[in-house]
Amino acid sequence: MSEKKKKENPEDSKIDEILESSRRDFLKMVGIVGAASVAGGAAIYSGYRHEKAKSSGETIKVLTEDNRLVEIPKDQVKDYKPDLKVLQTRGRLGIKGKKWVMVIDLSKCRNARKCVAACQGAHHLRPYEYHINTLVMQESKNTPAYYMPKTCQHCDNPPCVSVCPVDATFKRQDGIVLIDNERCIGCRFCMAACPYSARMFHWQEPLDAEADKGKEYDVELNVPQKKGTISKCLFSADRVREETLPYCVSACPNGVFYFGDENENAVTNGTTKETVMLSELLEKNAGYRILDELGTKPRVYYLPPKNRIFDFKQGPATEYKETT
Amino acid sequence: MTTSHSGSTRYRERVDSVSKDILRNVRFNQGFILWMGFLTAVLAVCLFAYTIQLRKGLGVTGLRDITSWGMYIANFVFFVATSLVGMLISSVLGLIGFKWVKPIARIAEIIAVAFASIAGLIIISDMGRPDRLPNVFIYGRVQSPILWDVTVVTTYFLVSLMLWFIPMIPDLAIAKTRLNGRPAFLVKAYELLSINWVGHKKQVKTLNEAGRILLILIVPLAFAIHTVTSWLFAVTPRAGWDSSIFGPYFISGAFVSGTSAVIIAMFFYRKSYKLEKYLTDFHFEKIGRVLALVSIVYIYFNINEFLVPGYKLKTLDEIHLKELLAGEYAPLFWGVQLLGLLIPVILLLFKQFRKPLPMVVIASFVLAASWLKRYIIVVPPQAHPFLPVQNVPVEWIVYTPTLIEIAISVAPLVLALMIITILSKLFPVLPIHELAEEETLAVDGHETDLAHIDETAVYNEEKKANNN
Ligand code: SF4
């Protein structure tokens, strides 16, 4: 990625790359499933809009899983909608060649809680059910407090994954830790094991249980949420598959979040859309990881809360009430 | 063959008198029916509570994201712990060669079977999705301590069941001819379960060997089951759980709760089954010493568990310890440590307290404290995670068990009592043949050569004589 190109359209170039690899991944997946159903093993590329064929002789060119360009009759083109099996398989595999990381700049967080709201909206959660939560932190009496958005840390040595008895929570090749709510037995061992208190449990019927009825379960979005199972931050696995930044990252008005691929050594700020070098960002700003000493190897980095507000004033505390 | 014959006759007389005393209780009297009826009624209430939980989700309990393991898990640990006594009494003490454990061993096994069989059910009551239990077998991951737990608890239960059953085979053979007046199905069951036992030399040898193998096998198994249970906690980094002595700490604690359960059972059988002749003051005196000993070992582990982190006072350990020793949980903590551990040990050092009545009182305190102790181990360490708890409803911060949760937690106890009642009402609670043998040994000065005594043959002869 040349410096110039990056300046011109930093996001586009990045997204192009994501798109390319994701498209390949996608086709592979379609290939796996489609091979059985579509004659000749040709799978159909979903990007094409379904158009009514005017004459039956018309054909269309389609790229198959193994990168062959084939022609098929246009009237056989169907819109592709992944079913549960596809969602589950690709959800477990993750996106090849990627290593997602997040950087959270604590010096910029003003507790707007827009990240929280965006996340809860996307994942159908109640106001007190969190995948991301902003906490007031204070190391000692003499240091002013600061706000810290806390997500799942997507550890490379995740204690939750080690203890799960049924492999319902798992680590993907792209670094994301997910939960399969079709499999989780609700033992909550992972909650006990997680030092970041990143996990939440559906103690009651989830918020949108009624509205989400019948929807295909997407492990990358964890919707529909399910009673008696675990949920937590997913690094917006569904969004990164679509080459967009996670919900929280793009919702922040203060430029707190960076998200990107460690393999590319580039992260993009969700507010300014500026892409910077990950290693440089961390080095220059003394980036660190929380509870690193536990050996969990988190994939979320924090930049220290410099320029703290000295007479830290917290807004009026919101009262949270359990609802059904 | 005269000596052998007279020895055999005398042995048979003893068997007769012992079995009369013990089989007297094998019957469905009114007391049994009333008691079981009562238990069933209580169980129905508990099960009703469980249906509410099934319908509405675990939200009907006091559990929330901060304290997500509560009473159920404490109950589970308690049940696994208590079941360990089977191994302590039959195996450890039995293999060392203490003769006085003979009449107690079966009682210990009954408790082991009852508590181990229920432990698994408790876990199910704690699951958010009990309907997905098969997933544990379909997708089971060997890395997870839960899987180890499922495996060893099941194995332990099965081996305990065999340890209860196998030494009872001769008794069943003895008893099947002496069950007049009992329902036919029971006689049939005895007939079947005694699997043609006639006391043949070969049979005795097989029985002894099988028993011995199981007794040895169950030692590592019992250690495994409770060590693994302790690892459910110790493998996490939380202050209060993050301990390298959790295995022995749990095991030594298990012996305390199990022994006190056996004492209570002994006292009960002695009184209501009128077995004063067999469960004597001597036996209580001995088991009292065992309780004192295991409690002292447990105190030792307690000192390690609290003093060492208390000396270093790492931040989170400090918060945890403060809350236990001087904070919210202090009354519970000190109540458990003093009334359930320290004072019982001091009392048990005096001979006057190692008598049935004072001991059953002490054991009741110890047993109740053992349950509370599990609660203290499970619940408080979750209240203070590494990162602060914020922006949640107030009910989430402090865990308070709900009524529904308490009702569901009572169910396992009721079920265990039912199993204990059934096992000790349908089958002899004390080993008839061993007690008869012991008497022979005490009177004749030598062991009965069991191989020469063919119970069935004797019985058939008798029957023939009667018919004529
Ligand atoms: S609660 Fe679900 S995800 Fe967590 S350890 Fe248990 S089965 Fe795994």
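Residues numbered from 1 in each chain as written. Chains lettered and ligands numbered in written order. Predicted model: local features only at pLDDT ≥ 70, side-chain atom pairs only at ≥ 80, totals over all residues. Heavy atoms only, no water.

### Things to note about the overall build of chain B
Here comes step 1: Secondary structure assignment for chain B yields 19 helices and zero strands.
Here comes step 2: The C-alpha atoms of chain B give a radius of gyration of 24 Å, which matches the 23 Å a tight globule of 468 residues would have.
Here comes step 3: With the principal axes as the frame, chain B shows a C-alpha extent of 90 × 50 × 40 Å.
Here comes step 4: If you take every contact in chain B between residues at least 6 apart in sequence, the share linking residues at least 24 apart comes to 84%.
Here comes step 5: About 20,500 Å² of surface is accessible on chain B, with carbon and sulfur atoms providing 69% of the total.
Here comes step 6: Of the side-chain charges in chain B, 41 are positive and 33 negative, and the distance between the mean point of each set is 2 Å. (Helix = DSSP H or I, 4+ residues; strand = E, 2+ residues; numbered from the N terminus. Rg over C-alpha atoms; globule rule 2.2 N^0.38 Å. Contact = heavy atoms within 4.5 Å. Areas by Shrake-Rupley, 256 points an atom, 1.4 Å probe, with all protein chains shown as cover. Lys, Arg positive; Asp, Glu negative; His and termini not counted. Charge placed at Lys NZ, Arg CZ, Asp CG, Glu CD.)

### Observations concerning the sheet that holds strand β10 (residues 257-261) of chain A
Residue and element names in this part refer to chain A.
Here comes step 1: Spatial strand order, β12-β11-β10-β3-β13: five strands in an open sheet with mixed pairing. Of all strands in the sheet, those bounded by a partner on one side alone are β12 (275-277) and β13 (300-303). Strand after strand, the sheet turns through a mean of 30° between neighbouring axes, direction not considered.
Here comes step 2: Sheet analysis places β10 next to strand β11 (residues 266-269), joined by four bridges and oriented antiparallel. Bridge pairing in β11 links phenylalanine 259 to threonine 268. (Pairing = 2+ DSSP bridges. Axes fitted to C-alpha atoms, helices over the stretch in contact; angles between N-to-C directions.)

### A word on a nonpolar patch on the surface
All names here are of chain B.
Here comes step 1: On the surface, a cluster of nonpolar side chains totalling about 1,100 Å² of accessible area is made up of Ile296, Leu325, Trp334, Leu338, Leu339, Leu342, Ile343, Ile346, Leu349, Phe350, Val361 and Phe365.
Here comes step 2: Take the nonpolar patch: its biggest share by element is six residues, from helix α14 (residues 330-348).
Here comes step 3: Within the secondary structure, phenylalanine 365 is located in helix α15 (residues 356-378).
Here comes step 4: Note on phenylalanine 365: relative accessible area 44%, which makes it partly exposed. (Patch = residues over 30% accessible without salt bridge, like charges linked within 9 Å, V, L, I, M, F, W, Y side chains within 5 Å. Salt bridge = Lys/Arg side-chain N within 4 Å of Asp/Glu carboxyl O. Buried < 20%, exposed > 50% of the residue type's maximum accessible area, 1.4 Å probe, protein only.)

### Description of the interface of chain B and chain A
Here comes step 1: Each partner contributes to the interface: chain B provides 43 residues, whereas chain A provides 48 residues.
Here comes step 2: Roughly 3,700 Å² of surface becomes buried between chain B and chain A when both sides are summed, with 58% attributable to carbon and sulfur atoms.
Here comes step 3: For the chain B face of the interface with chain A, the top three residues by lost area are B:Arg141, B:Leu387 and B:Asn391, together amounting to 18%.
Here comes step 4: Seen at the junction of chain B and chain A, the total is three salt bridges.
Here comes step 5: The salt bridge partner of A:Asp167 is B:Arg141, with a shortest N-O separation of 3.8 Å. (Buried area = accessible area lost by both parts, 1.4 Å probe.)

### Side note on unusual backbone geometry
Residue and element names in this part refer to chain A.
Here comes step 1: Cis geometry marks the peptide bond from valine 223 to proline 224; its omega dihedral reads -5°.
Here comes step 2: With respect to the element layout, proline 224 can be found in the loop between β8 (199-201) and β9 (230-232).
Here comes step 3: Non-glycine residue arginine 113 carries a positive phi angle of around 60°.
Here comes step 4: Its place among the elements puts arginine 113 in the loop between β3 (100-105) and α4 (114-123).
Here comes step 5: Its relative accessible area of 18% is what places arginine 113 among the buried residues.

### Section: the state of the cysteines
Here comes step 1: This structure, assessed with the given rule, holds zero disulfides over all chains.
Here comes step 2: Its sulfur unpaired, A:Cys233 is 5.3 Å from the next cysteine sulfur, which belongs to A:Cys152. (Disulfide = S-S within 2.5 Å.)

### Concerning the site of the ligand
Here comes step 1: Around the ligand sit A:Cys164, A:Pro165, A:Val166, A:Thr169, A:Cys184, A:Ile185, A:Gly186, A:Cys187, A:Arg188, A:Cys190 and A:Ile230, and that is every residue in its neighbourhood.
Here comes step 2: Partitioned by chemical class, the residues of the shell around the ligand number eight nonpolar, two polar and one charged. (Near = heavy atom within 4 Å. Nonpolar A, V, L, I, M, F, W, Y, C, P; charged D, E, K, R; others polar.)

### Describing the confidence of the model for chain A
Residue and element names in this part refer to chain A.
Here comes step 1: Of all residues in chain A, 81% attain a pLDDT of 70 or more, and the chain-wide mean is 84.
Here comes step 2: Across residues 1-8, where pLDDT falls below 50, the model places six contacts with residues more than four positions away in sequence or in other chains.
Here comes step 3: Confidence drops under a pLDDT of 50 for residues 33-54, and excluding neighbours within four residues, the segment shows 34 contacts in the predicted structure. (pLDDT = per-residue confidence, 0-100.)

### Some words on the packing of aromatic side chains
Here comes step 1: For the structure shown, the criterion picks out 33 aromatic pairs over all chains.
Here comes step 2: Between B:Phe78 and B:Phe115, the aromatic rings sit 6.4 Å apart at their centres with planes inclined by 70°, giving edge-to-face as the arrangement. With a gap of 37 residues between them, B:Phe78 in helix α3 (residues 71-83) and B:Phe115 in helix α5 (residues 102-126) connect regions that are remote in the sequence.
Here comes step 3: A relative accessible area of 6% means that B:Phe78 is categorised as buried.
Here comes step 4: Between B:Phe268 and B:Tyr273, the aromatic rings sit 6.3 Å apart at their centres with planes inclined by 55°, giving tilted as the arrangement.
Here comes step 5: Residue classification places B:Tyr273 among the buried residues on the basis of a relative accessible area of 6%.
Here comes step 6: Through a chain of ring-to-ring contacts, the aromatic side chains of A:Phe189, B:Trp69, B:Phe233, B:Trp241, B:Phe246, B:Tyr249, B:Phe250 and B:Tyr298 assemble into a single cluster.
Here comes step 7: Its guanidinium or amino end placed over the ring of A:Phe201, A:Arg188 lies 5.3 Å from that ring's centre, counting from NZ or CZ. (Phe/Tyr/Trp six-rings, centres within 6.5 Å; stacked < 30°, edge-to-face > 60°. Lys NZ or Arg CZ within 6 Å of the ring centre and 35° of its normal.)

### As for the side chain of B:Arg132
Here comes step 1: Here B:Arg132 lies in the loop between α5 and α6 (134-138).
Here comes step 2: As a buried residue without a salt bridge, B:Arg132 has its nearest oppositely charged side chain in B:Asp131, at a separation of 4.6 Å.
Here comes step 3: Residues in contact with B:Arg132, not counting those within four places in the same chain, are A:Asn181, A:Glu182, A:Arg183, A:Cys184, A:Ile185, A:Lys226 and A:Thr229.

### A short note on the pattern of salt bridges
All names here are of chain A.
Here comes step 1: Summed over the entire model, instances satisfying the criterion amount to 35 salt bridges over all chains.
Here comes step 2: The salt bridge partner of glutamate 264 is lysine 98, with a shortest N-O separation of 3.8 Å. Linking glutamate 264 in the loop between β10 and β11 with lysine 98 in the loop between α3 (84-93) and β3, this pair joins segments that are 166 residues apart in sequence.
Here comes step 3: Here lysine 98 falls in the buried class, since its relative accessible area comes to 6%.
Here comes step 4: Between glutamate 182 and lysine 226 there is a salt bridge; the shortest N-O distance is 2.7 Å. A residue pair is termed long-range when its members are at least 10 positions apart, and glutamate 182 in the loop between β7 (177-179) and α6 (189-193) and lysine 226 in the loop between β8 and β9 qualify at 44 residues.

### Brief notes about the packing of helix α4 (residues 85-96) of chain B against α5(B)
When two helices pack together, their arrangement is given by the angle between their axes and by how far apart the axes lie.
Residue and element names in this part refer to chain B.
Here comes step 1: Relative to each other, α4 and α5 sit at 155°, their axes nearing to 8 Å. Here α4 is positioned roughly antiparallel relative to α5, judged by the angle of their axes. The element α4 and its partner α5 pack so that their crossing is left-handed. Of the residues in α5, those touching α4 at Val85, Gly86, Ile89 and Ser90 are Ile104, Ala105, Ala108, Glu109, Ile111 and Ala112.
Here comes step 2: Split by residue class, the contact of α4 with α5 holds seven nonpolar, two polar and one charged. (Parallel < 35°, antiparallel > 145°, perpendicular 65-115°, else oblique. Left-handed = near helix turned anticlockwise from the far one by under 90°.)

### Examining the domain arrangement of chain B
All names here are of chain B.
Here comes step 1: In terms of domains, chain B is made up of domain 1 (26-235 + 402-428) and domain 2 (240-384).
Here comes step 2: In this structure, domain 1 and domain 2 have C-alpha centres spaced 21 Å apart.
Here comes step 3: Facing 36 residues of domain 1, the contacting portion of domain 2 comprises 35 residues.
Here comes step 4: Looking only at domain 1, the three residues that lose the most surface to domain 2 are Phe78, Trp100 and Phe233, adding up to 21% of its buried area.
Here comes step 5: Here domain 1 is connected to domain 2 by zero salt bridges.
Here comes step 6: One can count eight residue pairs in polar contact (both at pLDDT 80 or more) joining domain 1 with domain 2.
Here comes step 7: Every element with two or more residues in the side of domain 1 that touches domain 2 is listed here: α3, α4, α5, α10 (201-234) and α17 (403-426).
Here comes step 8: It is α3 that provides the largest number of residues to the side of domain 1 that touches domain 2, a total of eight residues.
Here comes step 9: Grouping the amino acids of the side of domain 1 that touches domain 2 by side-chain chemistry returns 25 nonpolar, ten polar and one charged. (Domains from an automatic or database assignment. Polar contact = N/O pair within 3.5 Å; in protein donor to acceptor, adjacent residues only side chain to side chain.)

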